[in-house]
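Descriptive analysis of the structure
Residue-level listing of the chains:
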Amino acid sequence: MINGIRPSNGGPPGAALDRRLVVPSNWDPDLLDAVAPAMPAYMYGSLPAERGMRTMLQLPTVGEEQITEYVAEAAKLGIKFLYVMNSTCNGNREMSEDGRWEFLQRCQWILDSGFAGITLANPMLMEIVARDFPELELHVSLLTGVKDARAARFYEDIGASLIHLDPEVARD
């Protein structure tokens, strides 16, 4: 329980959420063996061109095939993987038919590649994932700024599996 909110990943007790470590990936194959003993709840990453909190300069150039292989290797070590699409604003691209089609195609690739879930900051995209990809865990990005139960309930009602709370919440 975190500030009165009990997150659930749909797994049994002792599953990923009982471990609190969430580790970013730089897609270095040696990183998997280094973090596996810590038994992280998740690792996360995205294609370098994906908008998010890390710039393209911070990530190596990797493609879909390399990432799919990396996620499979992580799974062999018992590490669940999240795809991160942390952008709060996509220039309203998600409002267009082409933009939604691109998003749906990306989600299908995420599912087919073995990711456990997706972390999003855009409520409209969250609704699409909850409706069309219920197999994926839906994580709410800390960029949404969830600081209270009302905001948490909003995302829970959309279908969130886990809400990453604003860091300010833990400072009280």
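Preceding block: the structure.
Now for a quick tour of the structure. (Residues numbered from 1 in each chain as written. Predicted model: local features only at pLDDT ≥ 70, side-chain atom pairs only at ≥ 80, totals over all residues. Heavy atoms only, no water.)

Turning next to the packing of aromatic side chains. Here the structure, examined in full by the defined rule, presents eight aromatic pairs. With centroids separated by 5.8 Å and ring planes inclined at 85°, the aromatic side chains of Tyr 70 and Phe 81 adopt a geometry described as edge-to-face. With a gap of 11 residues between them, Tyr 70 in helix H2 (residues 64-76) and Phe 81 in strand S3 (residues 80-85) connect regions that are remote in the sequence. Phe 81 gets classed as buried once you look at its relative accessible area, which sits at 1%. (Phe/Tyr/Trp six-rings, centres within 6.5 Å; stacked < 30°, edge-to-face > 60°. Helix = DSSP H or I, 4+ residues; strand = E, 2+ residues; numbered from the N terminus. Buried < 20%, exposed > 50% of the residue type's maximum accessible area, 1.4 Å probe, protein only.)

Another point: the pattern of salt bridges. Inspection of the entire model under this criterion finds five salt bridges. With a shortest N-O distance of 3.0 Å, Glu 73 and Lys 76 are connected by a salt bridge. A residue pair is termed a helical-turn pair when its members lie 3 or 4 positions apart in one helix, as Glu 73 and Lys 76 do in helix H2 at three residues. Across the pair Arg 153 and Glu 156 runs a salt bridge whose closest N-O atoms are separated by 2.3 Å. One end of the pair, Arg 153, and the other, Glu 156, are both in helix H5 (residues 149-158), three residues apart, so they sit about a helical turn from each other. (Salt bridge = Lys/Arg side-chain N within 4 Å of Asp/Glu carboxyl O.)

The next subject is the packing of helix H3 (residues 97-112) against helix H4 (residues 123-132). Interaxial distance between H3 and H4 falls to 11 Å at its minimum, and their mutual angle equals 50°. Considering their axes alone, H3 and H4 lie oblique with respect to each other. Relative to H4, the crossing made by H3 is right-handed. Seen from H3, the contacting residues are Arg 100, Phe 103, Leu 104 and Cys 107; seen from H4, they are Met 124, Leu 125, Ile 128, Val 129 and Asp 132. (Axes fitted to C-alpha atoms, helices over the stretch in contact; angles between N-to-C directions. Parallel < 35°, antiparallel > 145°, perpendicular 65-115°, else oblique. Left-handed = near helix turned anticlockwise from the far one by under 90°. Contact = heavy atoms within 4.5 Å.)

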